Amino acid sequence: MTGYAAVLLSGGAARRMRGVDKPARPVGGRPMLHRVLEAVAGADERIVVGPAGPVPAGVRVTREEPPGGGPVAATAAGLALLRPGTTTVALLAADLPLLTAAAVDGLRRALDGSRAGLACYVDGDGRRQQLCGVWRVTALRAALDRLAAERGGTVDGASVRGLLAGVAVREVAWTGSGPPPWFDCDTDEDVRRAEEWTR
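Residues numbered from 1 in each chain as written. Predicted model: local features only at pLDDT ≥ 70, side-chain atom pairs only at ≥ 80, totals over all residues. Heavy atoms only, no water.

## Regarding the sheet that holds strand E5 (residues 60-62)
Piece 1. Strand order in the open sheet formed by seven strands is E5-E4-E1-E6-E8-E7-E9, with mixed pairing between adjacent strands. Of all strands in the sheet, those bounded by a partner on one side alone are E5 and strand E9 (169-173). Within this sheet the neighbouring strands show an average axis-to-axis angle of 25°, counted without direction.
Piece 2. Across the sheet, helix H1 (residues 32-39) lies against strand E1 (4-9), strand E4 (45-49) and strand E6 (88-93), angled at about 155° from E4, the strand it touches most.
Piece 3. Taken strand by strand, helix H3 (residues 101-112) contacts E1, E6, strand E7 (118-122), strand E8 (128-136) and E9, and its axis lies near 60° from that of E8. (Pairing = 2+ DSSP bridges. Helix = DSSP H or I, 4+ residues; strand = E, 2+ residues; numbered from the N terminus. Axes fitted to C-alpha atoms, helices over the stretch in contact; angles between N-to-C directions. Contact = heavy atoms within 4.5 Å.)

Have a look at this one:
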């Protein structure tokens, strides 16, 4: 597949961590954001939406409008920066410290071998991990346009579940070795568990 980009969503209030800059929090000695950026190092372009701090060369940073508008508004902001010719985009939370390049490649292969608009992992209980997925750009643009039309022209405050309504999804079970790549860190306990997995 060609024209592959990655959009990382680094916003969010991190209320369960007392409002800290969650993606900047280290796991295994590196900020979670940088671990996710490493997992998509093969992307033609990498975009971070939200607070980011220092990022590697070539990574672009933008903000959703309005700031704090939620993951769908952040998705729209990241999508607006994609270069023409981009066909697929990994849409990822920035607090996935266990994500690997192999896990992202698995999603890209699953999407390539289907007619779906999105390939995402599902956990052992069958829950879709929507912010650990790879989209066809055309499907994502269409979903954003539909949702904005339904909401009077804005996606501010919209839910990711609403974005997925009507989208054909290729659900992918994780069969690799190691911890689940969609494991996100919402609490201090989650960070401790992620640290144990990285040892």
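## Topic: the environment of Val55
Piece 1. Mapped onto the elements of the fold, Val55 is located in the loop between E4 and E5.
Piece 2. Once the C-alpha coordinates of Val55 and Leu107 are considered, the two residues, 52 residues apart in sequence, prove to be 25 Å apart.
Piece 3. Beyond its immediate sequence surroundings of up to four residues, Val55 is in contact with Leu33, His34 and Val61.

## Topic: the packing of aromatic side chains
Piece 1. Under the counting rule described, the total for this entry stands at three aromatic pairs.
Piece 2. A ring pair is formed by Tyr121 and Trp174, whose centres lie 5.8 Å apart and whose planes are at 85°; its orientation type is edge-to-face. Note that Tyr121 is positioned in strand E7 and Trp174 in the loop between E9 and helix H6 (188-198), a separation of 53 residues in sequence.
Piece 3. The buried category is assigned to Tyr121, whose relative accessible area is 2%.
Piece 4. Seen from their ring centres, Tyr121 and Trp182 are 5.8 Å apart, and the 40° between their planes marks the pair as tilted. Taken as a pair, Tyr121 in strand E7 and Trp182 in the loop between E9 and H6 lie far apart in primary sequence, 61 residues in all. (Phe/Tyr/Trp six-rings, centres within 6.5 Å; stacked < 30°, edge-to-face > 60°. Buried < 20%, exposed > 50% of the residue type's maximum accessible area, 1.4 Å probe, protein only.)

## Here we look at the pattern of salt bridges
Piece 1. Going through the model one piece at a time under the given rule, you end up with 13 salt bridges.
Piece 2. Here Glu189 ties to Arg192 by a salt bridge, and the two come within 3.0 Å at their closest N and O atoms. Of the two residues, Glu189 and Arg192 both sit in helix H6, three residues apart, roughly one turn of that helix.
Piece 3. Glu189 gets classed as partly exposed once you look at its relative accessible area, which sits at 41%.
Piece 4. Given a relative accessible area of 47%, Arg192 falls into the partly exposed group.
Piece 5. One continuous salt-bridge network, built from bridges that share partners, spans Lys22, Asp95 and Asp186. (Salt bridge = Lys/Arg side-chain N within 4 Å of Asp/Glu carboxyl O.)

## Considerations on unusual backbone geometry
Piece 1. Look at the link from Glu65 to Pro66: it is a cis peptide, with omega at 0°.
Piece 2. Here Pro66 lies in the loop between E5 and helix H2 (71-80).

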